[in-house]
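# Observations on the model geometry
So you can see what is in the structure, the chains are spelled out below.
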Amino acid sequence: MQKAMTTEAKYKQMIDTPVRTLIPRLAVPTIISMLVTSIYNMADTFFVSQIGTSASGAVGIMFSAMAMIQAIGFTLGMGSGNYISRSLGNRDEDTASRSAATAFFTAAIIGGFIAVFGTLFSRPLVYLLGATDTIAPYAQDYARYILIAAPFMLTSFVMNNILRAQGNAMFAMVGITTGGILNMFLDPLLIFVFQMGISGAAIATMASQMVSFCILLYQCDVQKSCISIRISRFTPTWSMYGEILHAGLPSFCRQGLASIATVVLNFAAGPYGDAAIAAMSIVSRFMMFVNSSLIGFGQGFQPVCGFNFGAKRYDRVLEAYWFCVKVAVIMLTCFGAAAFLLSNSIITVFRREDPEVIRVGTLALRLQLLTMPFQAWVIMVNMLTQSIGYGFRASLVAMGRQGLFLIPSLLIFPRVLGLLGLQISQPVADMLTFVLATAIVTGVLKELKALREGQESGSAPAEERRQ
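Residues numbered from 1 in each chain as written. Predicted model: local features only at pLDDT ≥ 70, side-chain atom pairs only at ≥ 80, totals over all residues. Heavy atoms only, no water.

## Looking at the overall build of the protein
Selection rule: Every helix listed is a DSSP run of H or I at least four residues long, and every strand listed is a run of E at least two residues long, numbered separately from the N terminus. Here the globule rule reads 2.2 Å times residues to the power 0.38, and the radius of gyration is calculated from C-alpha atoms. Throughout this description, buried means an accessible area under 20% of the type-specific maximum (1.4 Å probe, protein chains only), exposed means over 50%, and partly exposed covers the range between. Residue contacts follow a heavy-atom distance rule, with two residues in contact if any of their heavy atoms lie within 4.5 Å. For every accessible area listed, the method is Shrake-Rupley and the probe measures 1.4 Å; residues are considered covered only by the protein chains on display. Note that His is not counted, nor are the chain ends; the positive residues are Lys and Arg, and the negative ones are Asp and Glu. Working definition for charges: the position is that of NZ of Lys, CZ of Arg, CG of Asp or CD of Glu.
Secondary structure summary: the protein contains 18 helices and zero strands in total. For the protein, whose C-alpha radius of gyration is 22 Å, the value lies close to the compact-globule estimate of 23 Å for 467 residues. Its C-alpha atoms put the protein at 65 × 45 × 35 Å along the principal axes. Out of the 467 residues in the protein, the part that is buried amounts to 60%. Taking the intrachain contacts of the protein between residues at least 6 apart in sequence as the baseline, contacts between residues at least 24 apart amount to 83%. Roughly 17500 Å² of accessible area belongs to the protein as shown, and the carbon and sulfur atoms make up 69% of that amount. Treating the 32 positive side-chain charges of the protein as one cloud and the 23 negative ones as another, the clouds have centres 3 Å apart.

## Side note on the packing of aromatic side chains
Here is the rule we go by: Two aromatic rings, drawn from Phe, Tyr or Trp (for Trp, its six-membered ring), form a pair once their centres lie within 6.5 Å of each other, and the interplanar angle then sorts them: stacked below 30 degrees, edge-to-face above 60, tilted otherwise.
One pass over the structure, following the stated rule, counts 16 aromatic pairs. Each ring, one from Phe74 and one from Phe157, has its centre 5.2 Å from the other, and the planes form 35°; the classification is tilted. Of this pair, Phe74 sits in helix α3 (residues 53-89) while Phe157 sits in helix α7 (residues 150-165), and the two are 83 residues apart along the sequence. As far as burial versus exposure is concerned, Phe74 and Phe157 are alike and both buried. An aromatic cluster is present here, built from Phe104, Phe105, Phe152, Phe213 and Phe234 joined pairwise through their rings.

## Some points on the pattern of salt bridges
Which entries qualify depends on this criterion: In what follows, salt bridge is the name for a side-chain nitrogen of Lys or Arg lying within 4 Å of a carboxyl oxygen of Asp or Glu.
A complete count under the given rule lists nine salt bridges for this structure. Between Glu447 and Arg393 there is a salt bridge, with its nearest N and O atoms 2.8 Å apart. Taken together, the residues span a long stretch of sequence, with Glu447 in helix α18 (residues 419-456) and Arg393 in helix α16 (residues 391-404) at a distance of 54 residues. The same class applies to Glu447 and to Arg393, which are both buried.

## Regarding the side chain of Ser49
For Ser49, the position within the fold is in helix α2 (residues 19-49). With near-sequence residues (within four places) excluded, Ser49 lies in contact with Ser56, Ile282, Phe350 and Arg351.

## Looking at the packing of helix α10 (residues 238-269) against helix α11 (residues 274-310)
What counts, and what does not: Think of each axis as a best-fit line through the C-alpha atoms, taken over the contacting stretch in the case of a helix, with angles from 0 to 180 degrees between the N-to-C directions. By definition, turning the near helix anticlockwise from the far helix through less than a right angle yields a left-handed crossing, and turning it clockwise yields a right-handed one. For this classification, Asp, Glu, Lys and Arg are treated as charged, while Ala, Val, Leu, Ile, Met, Phe, Trp, Tyr, Cys and Pro are nonpolar and the rest, including Gly, are polar.
Where α10 contacts α11, the axes come no closer than 8 Å and their chain directions differ by 145°. Crossing geometry of α10 relative to α11 is assigned as right-handed. Across the interface between the two elements, Leu265, Asn266 and Ala269 of α10 pack against Ala276, Ile277, Met280 and Ser284 of α11. Of the residues belonging to the contact of α10 with α11, the class tally is five nonpolar, two polar and no charged.

## Quick notes on the environment of Ser259
Along the polypeptide, Ser259 turns up in helix α10. We classify Ser259 as buried; its relative accessible area is 5%. Residues Ser259 and Phe289, 30 residues apart in the sequence, show an inter-C-alpha distance of 17 Å. Excluding its chain neighbours within four sequence positions, the residues that come into contact with Ser259 are Ser64, Ala65, Ala67 and Met68.

## Side note on the environment of Arg452
Mapping Arg452 onto the fold places it in helix α18. It is 24 Å that separates the C-alpha atoms of Arg452 and His246, two residues lying 206 residues apart in sequence. If near-sequence neighbours (up to four positions away) are discounted, Arg452 is found in contact with Tyr314, Asp315 and Leu318.

Below is the structure:
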């Protein structure tokens, strides 16, 4: 009975609380989670960079594999999360619990396959990801433990999104930040004190992921306001996977193509030496950090959007979207301007001993920072379309930045402009994605306005077929 009352209170909170109050309340824990995750990703890069340029490049090589693991986790997590939000908005807790269990156990199974086959074929894997002969030994040492952690990483991503989808971002934050803080302490301890080198960094990451998994599982199964994950609710049907993948496909497109793009980036940077691979790896990690605050803010918007869309409160969906757009553009513009002024110092912190890494990385970072306001718009468009179940249009936006435009840019511009072509590829992709996102969201906003106006007039039009 207490749980039912809690669920009802949660429903009223998501439907009635002013969006300018509700979204920041949900977003702050998620922003903290995202920042901590980005910081401990940068901590790996920072501490490993002290070993050498090739070791630093190895982290960049394995980043593409970790991005693919993250892509699968976010596909299942955000797909089920969006389905959960809409189901709870419709007061259908049974479907919400089946979605949560199905995503969790599917992630565990896939993670097990990755751990086994990735470990068996780790040497060809690192070369497939773009390792040079000097980077490969470091990458293989790092990969060994990262791959073992794959089941814990995947299921943690799922649980994190499931908790957020219910409006329980604080519980998700506890699990993610605890593991992240642990990783930051273990990195220097294992790398330098116990002289474990790059393997120490990987073990630190593996241990932190396992700790996060245990905390998140406890939160899901013990907290009264959370949907419990039970094997009896595991529903591996075509219809269930269809709903999860329909909403989760944009995340897979975004994260999966990011993984492929990182591999292409590694190969494109290869002719310019380990320094270029290391520099672009550092830039990528730092840009993830800058974007993480906005992504965290947007993830505070998503459950509000999903709940209210499911409850047919289209006025609140539109209000929440425009509020978030304004905050997002201001946020990333400020972050981008500050980082632009400090670009040389930022790259120097990671690899002080290698002037070539600093030279290549500084220009690449500055060029990417110039597109920050446009990235803010793109991210919010993607989150709106994904949250309301417009899977195809959300996928197009998600595919733009890291696939439709970045991969061709990496294949064309370095051949024409050399190293500068490598450095401008991401900014060019960002601007083209901005144009695509603007064209897509114009139609989506018109549909939402029509639904709102029809509802206000008392004769709501039939909902558009989702794409």
